[in-house]
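# Fold and contact review
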Amino acid sequence: MISPITLSLDAMGGDHGPTVVIPGLADYLKRSGDQNVRFLLHGDASALKIELKRHPAVAAASEVRHTDKVVAMDEKPAQAMRRGKGSSLWNAVESLRTGEAQAAVSAGNTGALMAISKLILRMSAPGLERPAIVASWPTLRGVTAVLDVGANIESDAEQLIEFAIMGEAFHQAVHGVARPSIGLLNVGSEDIKGHEEVREAARILRQGGLDLNYHGFVEGDDIAKGTVDVVVTDGFTGNIALKTAEGVARFISTLMRETLTSDLQARLGALIAMPALKRMGRRIDPGAINGGPLLGLNGIVVKSHGGADARGFSNAVRIAIDLGRSGYLERVSRSLGRLAALAPAVAAPQTEDVAS
């Protein structure tokens, strides 16, 4: 028997608002058969009720919390924090602080969601500065968790270790791997490669007594290979890697579409192969596995792509519910406590940065 859970939703967020959020919840209920979930829907009651009439199963599991205030997709985080109180995004996160819900999902403004979540929920441990965004990346071996993919432009050694701790707990909760392997993204696998912070993080992970399954350095091509279960990097590098992979996936899909529609014979072959080609297209795109949790908060907040369709939003909902039902926050808290105890670790000798 799965435990009861309440999920709080910014029902007006993203490019499509209720017309994707409600069908996304319907898709989740249909695919999961979950009868122990309740939804708090924050947004315009009249717009939500129109969609809920089309999806009675969602209506039966939902409570509508009306607000006509919405954080715009292009609103700056500072403005959102000043003006956002009472908005659908703000109220969705506030439900976590009050204990009404165990997890929240929004497809709204990423910067605003991060800023408001940090303001309302605070960070889960002293010293944590900002949440990390994790991406579930399709690989030859299944799925790899990659973080950070955009929240923190620069990260020192301690932050990289925090990402490793949070990434391990996330992968255990969402992807069911009991002891995930962890790699640090670097310009080479040799110990002398990379800048000082990534080498220092590697030293502590090897010697620090954190009881993590540390593999070592990994390179960019190791992500798609699935060499490790969790890849740790700073948000600048991670975001470039993610956007590059998404662009390559779209390039391959476009090239295949052009090739397979170039003449009659190609079109006939494409007709036969289309189901397999669609499956391949979904598998090669890191953006196809929708739902990026903001790790490090004192609560579970999941960011959905703003342009996600109902199936994509359903996946973000599943990730939030899996995390909410797991012991994710407790595991992270224990591990970060061990890290704090190891803070006086001996500093590694300073050496010059080495690139391949």
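All of these numbers come straight from a predicted model, not from anything done at the bench.

When you go through the protein residue by residue, the secondary structure sums to 13 helices and 11 strands. Radius of gyration (C-alpha) of the protein: 21 Å, near the 21 Å computed for a compact globule of 356 residues. Taken along the three principal axes of its C-alpha coordinates, the protein extends 65 × 60 × 45 Å. Residue burial in the protein is summarised as follows: out of 356 residues, 51% are buried. In the protein, once contacts between residues fewer than 6 apart in sequence are set aside, the share between residues at least 24 apart is 73%. Summed over all atoms, the accessible surface of the protein reaches about 16600 Å², with 55% contributed by carbon and sulfur. Charge-centre separation for the protein: the mean point of 38 positive side chains lies 7 Å from the mean point of 39 negative side chains.

For strand 7 (residues 181-185), the tally of buried residues reaches 5 of 5 residues, placing the bulk of the element in the interior. Of the two faces of strand 7, the one holding S181, G183 and L185 and the one holding I182 and L184 are both buried throughout. Bridge analysis of strand 7 against strand 8 (residues 213-218) gives 5 bridges, and the strand direction is parallel. Counted as the bridge partner of I182 is Y214 from strand 8. Where strand 7 lies against strand 9 (residues 230-232), 3 bridges are found, and the strand directions are parallel. Among the inter-strand pairings, G183 is bridged to a residue of strand 9, identified as V231.

The next thing to look at is the side chain of S106. Among the secondary structure elements, S106 is positioned in strand 4 (residues 103-106). Within the local environment of S106, its side chain forms a polar contact with the side chain of D10, the two groups lying 2.7 Å apart. Ignoring sequence-local partners within four residues, the contact set of S106 consists of D10, L89, L113, V302, K303 and S304.

This paragraph deals with the pattern of salt bridges. Tallied over the full model, the rule gives 14 salt bridges. R38 is paired through a salt bridge with E63; the nearest N and O atoms lie 2.3 Å apart. Of this pair, R38 sits in strand 2 (residues 37-43) while E63 sits in strand 3 (residues 62-66), and the two are 25 residues apart along the sequence. Judged by its relative accessible area of 28%, E63 is partly exposed. One salt bridge in this structure joins R203 and E200, with 2.8 Å as the shortest N-O distance. Taken as a pair, R203 and E200 lie in helix 8 (residues 196-207) at a separation of 3 residues, close to a single helical turn. When sorted by exposure, R203 lands in the same class as E200, which is buried. The structure contains a network of salt bridges with shared partners spanning R38, E63, R65 and E100.

Put simply, helix 5 (residues 88-97) and helix 6 (residues 110-121) touch, their axes get as near as 10 Å, and they point 30° apart. Seen along the crossing, helix 5 lies across helix 6 with a hand that is right-handed. Only A112, L113, I116, S117, L119, I120 and L121 of helix 6 make contact with helix 5, whose side of the interface consists of L89, W90, V93, E94, L96 and R97. Class assignment for the residues of the contact of helix 5 with helix 6 results in 10 nonpolar, 1 polar and 2 charged.

Let us now look at the packing of helix 1 (residues 18-32) against helix 12 (residues 310-325). At a minimum axis distance of 7 Å, the contact between helix 1 and helix 12 shows a crossing angle of 60°. With respect to each other, helix 1 and helix 12 are oriented oblique. For the pair helix 1 and helix 12, the crossing hand works out as right-handed. Packed against helix 1, whose contacting residues are V20, V21, P23, G24, L25, D27, Y28 and R31, the element helix 12 presents A310, R311, F313, S314, N315, V317, R318, I321 and R325 at the interface. The class makeup of the residues in the contact of helix 1 with helix 12 is 9 nonpolar, 3 polar and 5 charged.

Another point: helix 12. Between its first and last C-alpha atoms helix 12 spans 22 Å; for 16 residues at 1.5 Å apiece the expected length is 22 Å, and the two agree. G312, F313, S314, N315, A316, V317, I319, A320, I321 and L323 are the residues of helix 12 that are buried.

With that settled, the discussion passes to the sheet that holds strand 9. Strands sit in the order 3-2-1-4-11-10-5-6-9-7-8 across an open sheet of 11 strands; the sheet is mixed. The strands lining the two open edges of the sheet, one partner per strand, are strand 3 and strand 8. Direction aside, neighbouring strands of the sheet carry axes that sit 25° apart on average. This element, helix 6, spans strand 4, strand 5 (132-139), strand 10 (292-295) and strand 11 (301-303) of the sheet and lies at about 175° to strand 11.

One finds F39, L184 and Y328 to be the most contacted residues of the largest nonpolar core, which totals 94 residues. Counting residues per element, this core draws most heavily on helix 7 (residues 157-175), which supplies 11 residues. Those residues in contact with Y328 that sit more than four places away from it in its chain are M166, A169, F170, A173, L295, G296, I300 and L323.

Another aspect to go through is helix 8. In an α-helix, one turn spans 3.6 residues; hence positions three or four apart end up facing the same way. Relative to the 16 Å expected for 12 residues at 1.5 Å per residue, helix 8 spans 16 Å between its end C-alpha atoms, a close match to the ideal helical length. Restricting attention to buried positions, one finds in helix 8 the residues E196, V198, R199, E200, A201, A202, R203, I204 and L205. In the segment just after helix 8, G209 is the residue with positive phi, at about 70°.

Thresholds applied
Residues numbered from 1 in each chain as written. Predicted model: local features only at pLDDT ≥ 70, side-chain atom pairs only at ≥ 80, totals over all residues. Heavy atoms only, no water. Helix = DSSP H or I, 4+ residues; strand = E, 2+ residues; numbered from the N terminus. Rg over C-alpha atoms; globule rule 2.2 N^0.38 Å. Buried < 20%, exposed > 50% of the residue type's maximum accessible area, 1.4 Å probe, protein only. Contact = heavy atoms within 4.5 Å. Areas by Shrake-Rupley, 256 points an atom, 1.4 Å probe, with all protein chains shown as cover. Lys, Arg positive; Asp, Glu negative; His and termini not counted. Charge placed at Lys NZ, Arg CZ, Asp CG, Glu CD. Pairing = 2+ DSSP bridges. Polar contact = N/O pair within 3.5 Å; in protein donor to acceptor, adjacent residues only side chain to side chain. Salt bridge = Lys/Arg side-chain N within 4 Å of Asp/Glu carboxyl O. Axes fitted to C-alpha atoms, helices over the stretch in contact; angles between N-to-C directions. Left-handed = near helix turned anticlockwise from the far one by under 90°. Nonpolar A, V, L, I, M, F, W, Y, C, P; charged D, E, K, R; others polar. Parallel < 35°, antiparallel > 145°, perpendicular 65-115°, else oblique. Expected span 1.5 Å × (residues − 1). Core = buried A, V, L, I, M, F, W, Y, C linked by side-chain atoms within 4.5 Å.

Take it as geometry only, folks, not as evidence of what the structure does.
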